[in-house]
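Here are the chains, one letter per residue:
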Amino acid sequence: MKSQRSLRLFSNTLTAAGLALAVSACSSIYKDDWNQTTDVPNLNDPAQRSQALLAYCQKLHNRGDLNLAAGICNRAHEIDPTNPAPLVELGRVLEALDMKDSAEEAYRAALLLDPEQTDALYGLGKIYIDRQRYDLALEPLQAAAQAKTEDPRIYNALGVIMDQQGQHADAQAYYREGLNYSPRNVSLRNNLGLSMVLAGQPEQGLAMLRDVAAEPAAGATAGRNLEMASQIAAKNAAANLSATGTADTQQQTAEAQPSPHEGALWPSLELSDLSPS
């Protein structure tokens, strides 16, 4: 099967120590994690064994034990190769290990099992955004939006692509659509405010960025974005005061706009997981 061939590629990317730990952990995690509960998996059922390993993989991922998590996810897939969930989690772990090519393979293998697996579609799109291949990112993200329209991450990512391509009106429509499902989402509000400033709507944009920066969950990035957006708005305002319709004025206004990859100002996925609701 294609997914099984892909998994052999993933195995080759993992350290030998990580794989050895994964194999040894498989025999002991049930005792460690379920001996205090009656909800013990049926070890004779491959699906339940795989699901138990997946839960353990996620726990390892959350505490930063990434090499072992990758091995456990790989084993969970081997036990139940019909379930795309271990592949999706493996993709996330490989991303955290900065192994983007292998993460892409994991997401693609998951999509062979379930073409509408939205987390795999989102993960694939996010990798392409990171590579600045916005043309390739659109297809999986649009497919994800059709399959699971209530996920705000998908609309945020689509908005980022539109902003990077200078289509600010379309970007803002995506951000607002995401906000319908997650009204206080930090990333969506941050990116919508930035998009407004870039589109020549500084008052509305700066008001939203101030609101975001005031939230503890936003962190230092939101504050930097507000500062940089304020500078851009001030430059644009100065250019407009001396507007004469000449080429010189148009050049001043153009110079006030950042390039698509200038610092933290341009809308990005950087804040995407800070405020899920």
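Owing to the predicted nature of the structure, the values given are computational and were not obtained by experimental measurement.

The rules behind the values
- Residues numbered from 1 in each chain as written.
- Predicted model: local features only at pLDDT ≥ 70, side-chain atom pairs only at ≥ 80, totals over all residues.
- Heavy atoms only, no water.
- Helix = DSSP H or I, 4+ residues; strand = E, 2+ residues; numbered from the N terminus.
- Contact = heavy atoms within 4.5 Å.
- Areas by Shrake-Rupley, 256 points an atom, 1.4 Å probe, with all protein chains shown as cover.
- 1 Å grid on protein atoms, 1.4 Å probe; cavity = no way out; pocket = protein on both sides within 12 Å on 5 of 7 lines; lining within 4 Å.
- Points joined across faces, edges and corners; volume = space filled by probe spheres on them.
- Nonpolar A, V, L, I, M, F, W, Y, C, P; charged D, E, K, R; others polar.
- Expected span 1.5 Å × (residues − 1).
- Buried < 20%, exposed > 50% of the residue type's maximum accessible area, 1.4 Å probe, protein only.
- Polar contact = N/O pair within 3.5 Å; in protein donor to acceptor, adjacent residues only side chain to side chain.
- Axes fitted to C-alpha atoms, helices over the stretch in contact; angles between N-to-C directions.
- Parallel < 35°, antiparallel > 145°, perpendicular 65-115°, else oblique.
- Left-handed = near helix turned anticlockwise from the far one by under 90°.

**Thoughts on the overall build of the protein**
Broken down by element type, the protein carries 15 helices and 0 strands. For the protein, the share of sequence-separated contacts (at least 6 apart) that also reach a separation of at least 24 residues comes to 56%. Roughly 13,400 Å² of accessible area belongs to the protein as shown, and the carbon and sulfur atoms make up 50% of that amount.

**Examining the layout of surface pockets**
Reported here for the second largest pocket is a volume of approximately 220 Å³. Going through the elements one at a time, helix 7 (100-113), helix 8 (118-130) and helix 9 (134-147) are the ones with two or more residues in the lining of the second largest pocket. In terms of residues, the lining of the second largest pocket owes the most to one element, helix 9, which gives 5 residues. Broken down by class, the residue content of the lining of the second largest pocket amounts to 8 nonpolar, no polar and 3 charged.

**Some points on helix 8**
Three or four residues apart is the spacing at which side chains of an α-helix point the same way, because the helix has 3.6 residues per turn. A rise of 1.5 Å per residue sets the reference length of helix 8, with its 13 residues, at 18 Å; its end C-alpha atoms lie 18 Å apart and thus fit the reference within 8%. Burial of helix 8 is extensive: 10 of the 13 residues sit out of reach of the surface. T118, A120, L121, Y122, G123, L124, G125, I127, Y128 and I129 are the residues of helix 8 that are buried. Its buried side turned inward, helix 8 meets helix 6 (85-96), helix 7, helix 9 and helix 10 (152-164). Regarding helix 8, its N-cap is Q117, as a side-chain oxygen of that residue lies 3.0 Å from the backbone nitrogen of D119 further along. Backbone geometry just downstream of helix 8 places Q132 in the positive-phi region, at approximately 65°.

**With respect to the packing of helix 5 (residues 66-79) against helix 6**
For any two helices packed against each other, one specifies the crossing angle of their axes together with the interaxial distance. Relative orientation of the contacting elements helix 5 and helix 6 amounts to 160°, with a least axis distance of 9 Å. As the angle between them shows, helix 5 and helix 6 are arranged roughly antiparallel. The handedness of the crossing between helix 5 and helix 6 comes out as left-handed. Contact residues: helix 5 offers L66, A69, A70, C73, N74, A76 and H77, while helix 6 offers P86, L87, E89, L90, V93 and A96.

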